[in-house]
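# Descriptive analysis of the structure
One-letter residues, chain by chain:
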Amino acid sequence: METSEIQAALAQSRSLPHGRTRTERLETLAAAAKSGPDRALEGSVLLELAKAYAYAGERDLAPVAYGRLLRIYDDFPAELGGMTHSVHWYLKWLTWGLIDNPAVPLHTTYRWLDELESRYRQRGYSARPVLALRSDLARELGDHDAAADLLDAARAAARDSMSDCDACERNQWGTNYAQAGDFEAALECWHPVIDGTRSCAEEPHRVLGHALLPMVRTGRIAEARSAHLTGYPLVRHIPDLRRSVGEHIEFCALTGNEARGLEILSEHTAWLTDPGADAAIRLAFISGVGVLLRRLTELDLGALEIGAGTVDSVRADLTVEIGELAARYDARNGNTVVSDRVAARLAQRHLVEHLPLGVRNTLPRKIAAVAPAVTATSEEQAEDALQLAELAAVRLVDYPQDAEQYLRRALSIGATALPAEHLARLSSQLVMALSGQRGREYELADAALTAAARWEPISPADAIHLTFVAARALHRAGRHGEAAALFEQPLAAGEMPYPPAEMALVRRQYGESLRKLNRFRDAAQQFVEGARLVHNDPDRVELEAELAWSAASVLDYCGEDEQAVAAFLRAAHLWGSLGRIVPRAKCLRSAAWLQLYGSGSETDRPWLATMRELLTELEELAEKDPSSEVATELLNTRSQLADMERDEFEVPDE
């Protein structure tokens, strides 16, 4: 291949999704570049290949490519001098990949660490990342005291351009504490990442998975649910983060959500037999799966089909593979730290009976519960609970706070004494009591999900309604990751529990949460569907206009100019039918700008027709019924039309 061909193919490869297709393409380009005359180009290809291996979960393959890159960098400093920062930055990540690779002998890993330290010292970089990596290796070897000392030294060293971002560093600090059994300290380190104060391309994705069980073990049940609902959508489609997917599956298995864990696993059955994952990621993922499979076996579901096998057959195969992988680590490390850690993970027991996550997916075969024996004590508890419920009912409308207290006591006392349907009804009343109190959205969502779980085996329709109640409460509270996950569950299943106008409002809130998460295409889909639900409803024209406007805005973000223009024009028409001057003018001007930049070279100049029609309309309104808002829109339209006419000559021809 010619140099220009390699350059073009390299640029094209960057648009491919991470995975085997991308790495294979870069492997071909690396071979072609090696035989060519341009060492800087070969260095660029090798760097891209090493990064691709990492993001595809194939870090085992990176050292050869990076070793070649370092040789070129040392032999041709003038040609590759501009890559200095990138070479040293990814050398750090390569070394990290060697630490948990059982195929790399310890003496080789130490040699790479020494090489990294030497190169950083020569360039004047801080020792902070090197010390952090040495801490990782000590922790991998089971020396928690040395790991803690090295991590303290790393945190004390200066930050510079080679340091990981604060979010990634906090991931490491918390992981060190968690593996040592100090869950409170781990969560304290992770807190700024979990609450969004610190973030990066891979965080909070990983931290949310790490934090799940520490949260449950320290009694932070609602926070654990939040971490799962927010975290799983972030990692579900990223091969390099399948370790986190395994953590979410494990969490479901240990919190009474085996059916949800099974559903997640069904999305990733291809990963069960994927040989491309490197050893550390592979072991972490299948160990999390192993926790779920053991639980399903305990529930007498060993014959349940998973992929091409059954729970029992897949579990048997994974057990062998887990043992082999752990043995490789033990052989490399000279101890049984890894196999002991994995065995402890697989042997975990239930942490809570059931942590409600939304609409509950039932297992293929129900497990019969043992009915509690009715005793005189339970009858006295039931009577007390019913009396409290009666007191709550009287106060529910006018004194919701009092009703809440009575209902919470009734549910506590009657938990093992009242019939399931009665508990479900009391839970729904608690939701009503909380909904009547401002500023209690997060507690309302928690109560609604608990009530949904109680209604699921009795009335799925009530369970779906309560899941929407929780989603809408979280949306109002600004907890958009959780809200979006809860909206998705029933909507993805095609559930329509409300009349079209109410469902349109649900779709709007879902779309708004998706927009806050920068999921613009998904948001557009919800706004468009919401507008469709109220199309031609004379009582919902304003709602349709708002939805069309919202759809246009997010389609604009997506670069879908043609669809955005149509949506802006549709919204403008609807606003016009309502006599709403300001939003109509704004929508028309937005459409015109898109027409200018999307169709500026066309002879018909649609943007100009849009603006002139608006200008004429506003001028006529100003003459008939002058008002401040008409005057403002007229001024804005004239000003923007002048800008458009000037910008027209700056728009490049396609």
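Residues numbered from 1 in each chain as written. Predicted model: local features only at pLDDT ≥ 70, side-chain atom pairs only at ≥ 80, totals over all residues. Heavy atoms only, no water.

## Section: the overall build of the protein chain
- When helices and strands are tallied, the protein chain shows 32 helices and two strands.
- If you line up the protein chain on its principal axes, its C-alpha atoms span 90 × 85 × 50 Å.
- The buried share of the protein chain, reckoned over its 654 residues, is 50%.
- If you take every contact in the protein chain between residues at least 6 apart in sequence, the share linking residues at least 24 apart comes to 64%.
- A total of about 30,200 Å² of accessible surface is found on the protein chain, and carbon and sulfur atoms cover 51% of it.
- When the 70 basic and 98 acidic side-chain charges of the protein chain are each reduced to a single mean position, those positions are 2 Å apart. (Helix = DSSP H or I, 4+ residues; strand = E, 2+ residues; numbered from the N terminus. Buried < 20%, exposed > 50% of the residue type's maximum accessible area, 1.4 Å probe, protein only. Contact = heavy atoms within 4.5 Å. Areas by Shrake-Rupley, 256 points an atom, 1.4 Å probe, with all protein chains shown as cover. Lys, Arg positive; Asp, Glu negative; His and termini not counted. Charge placed at Lys NZ, Arg CZ, Asp CG, Glu CD.)

## As for the pattern of salt bridges
- Going through the model one piece at a time under the given rule, you end up with 49 salt bridges.
- Among the salt bridges present, the one from E24 reaches R20, with a minimum N-O distance of 3.6 Å. Taken together, the positions of E24 and R20, both in helix α2 (residues 20-34) and four residues apart, correspond to about one turn of that helix.
- Of the charged contacts, one joins R532 and E529 as a salt bridge, the two residues approaching to 2.5 Å between their closest N and O atoms. Of this pair, R532 and E529 both sit in helix α27 (residues 520-533), separated by three residues, roughly a single helical turn.
- What emerges from the salt-bridge pattern is a single network uniting E258, R294, R295, E298 and R349. (Salt bridge = Lys/Arg side-chain N within 4 Å of Asp/Glu carboxyl O.)

## Regarding the packing of α2 against helix α3 (residues 39-55)
- Following both chains from N to C, one finds α2 and α3 inclined at 160°, their axes separated by 9 Å at the closest point. Comparing the axis directions of α2 and α3 gives the class roughly antiparallel. Once α2 is placed against α3, the crossing between them reads as left-handed. Across from R20, R22, T23, L26, E27, L29, A30, A33 and K34 in α2, the residues of α3 making contact are R39, E42, V45, L46, E48, L49, A52 and Y53.
- Residue composition of the contact of α2 with α3, by class: nine nonpolar, one polar and seven charged. (Axes fitted to C-alpha atoms, helices over the stretch in contact; angles between N-to-C directions. Parallel < 35°, antiparallel > 145°, perpendicular 65-115°, else oblique. Left-handed = near helix turned anticlockwise from the far one by under 90°. Nonpolar A, V, L, I, M, F, W, Y, C, P; charged D, E, K, R; others polar.)

## Details of α2
- For α2, with 15 residues, the first-to-last C-alpha span of 21 Å sits near the 21 Å given by 1.5 Å per residue.
- For α2, every residue scored as buried is listed here: R22, T23, L26, L29, A30, A32 and A33.
- Turning to α2, the residues buried within the fold contact α1 (3-13) and α3. (Expected span 1.5 Å × (residues − 1).)

## Points about the environment of E24
- Judged by relative accessible area, which is 42%, E24 ranks as partly exposed.
- Counting along the chain gives 583 residues from E24 to W607, while the straight-line C-alpha distance between them is 46 Å.

## Points about the packing of helix α21 (residues 400-413) against helix α22 (residues 420-435)
- Between α21 and α22, the least distance of the axes is 9 Å, while the angle of their chain directions is 155°. Comparing the axis directions of α21 and α22 gives the class roughly antiparallel. Here α21 and α22 pass one another in a crossing that is left-handed. Facing P400, A403, E404, L407, R408, A410 and L411 of α21, the residues of α22 in contact are L423, L426, S427, Q429, L430, A433 and L434.
- Of the residues belonging to the contact of α21 with α22, the class tally is 10 nonpolar, two polar and two charged.

## Brief notes about the nonpolar core
- Ranked by size, the top nonpolar core spans 92 residues in total, and within it L426, V431, F468, L486, F487, L547 and W607 carry the most contacts.
- Sort the elements by how many residues they give to this core and helix α28 (residues 541-558) lands first, with 10 residues.
- Ignoring any residue separated from it by four or fewer positions in sequence, one finds F468 in contact with F487, P490, L491, P497, Y498, M503 and V506.
- If you look at the next biggest cluster of nonpolar residues, it comprises 55 residues, including L213, V235, L283 and L299. (Core = buried A, V, L, I, M, F, W, Y, C linked by side-chain atoms within 4.5 Å.)

## What to know about the confidence of the model for the protein chain
- Chain-level pLDDT for the protein chain is 92 on average; 95% of the residues reach the 70-or-more range.
- Within the protein chain, the element-level pLDDT minimum falls on helix α20 (residues 376-395), averaging 88, and the maximum on helix α12 (residues 205-217), averaging 98. (pLDDT = per-residue confidence, 0-100.)

## Quick look at a negative patch on the surface
- A surface patch of like charges, here negative, comprises D143, D145, D149 and D152.
- Relative to the helices and strands, D149 resides in helix α9 (residues 144-156). (Patch = residues over 30% accessible without salt bridge, like charges linked within 9 Å, V, L, I, M, F, W, Y side chains within 5 Å.)

## Quick look at the side chain of R294
- Tracing the sequence through the fold places R294 in helix α17 (residues 279-298).
- Note on R294: relative accessible area 10%, which makes it buried.
- Looking at R294, its side chain comes within polar contact range of the main-chain oxygen of Q348, at 2.3 Å.
- Excluding residues within four positions of it along the chain, R294 makes contact with L254, R315, L346, Q348 and R349. (Polar contact = N/O pair within 3.5 Å; in protein donor to acceptor, adjacent residues only side chain to side chain.)

## Re the environment of R206
- Topologically, R206 is positioned in helix α12.
- Along the chain, R206 and I194 lie 12 residues apart, while their C-alpha atoms are 9.9 Å from each other.
- Leaving out residues up to four positions away in the same chain, R206 has contacts with C168, N171, L241, S244 and E247.

## Quick word on helix α26 (residues 500-516)
- The end-to-end C-alpha distance of α26, which contains 17 residues, comes to 24 Å, matching closely the 24 Å that a straight helix rising 1.5 Å per residue would cover.
- For α26, the complete set of buried residues consists of A501, M503, A504, V506, R507, Q509, Y510, G511, S513 and L514.
- Buried residues along α26 sit against α24 (460-476), α25 (480-492), α27 and α28.
- Phi for N518, located one or two positions after α26, is positive at around 65°.

## A short note on the packing of aromatic side chains
- One pass over the full model with this rule turns up nine aromatic pairs.
- Ring centres of F520 and Y557 lie 4.7 Å apart, and the angle between their planes is 10°; on these two criteria the pair is classed as stacked. On the criterion of sequence distance, the pair formed by F520 in helix α27 and Y557 in helix α28 is long-range, its members being 37 residues apart.
- Over the ring of W89 we find K92, and its NZ or CZ is 3.3 Å from the ring centre.
- For the cation-ring pair, R155 lies above W173, with the distance from its terminal atom to the ring centre recorded as 3.9 Å. (Phe/Tyr/Trp six-rings, centres within 6.5 Å; stacked < 30°, edge-to-face > 60°. Lys NZ or Arg CZ within 6 Å of the ring centre and 35° of its normal.)

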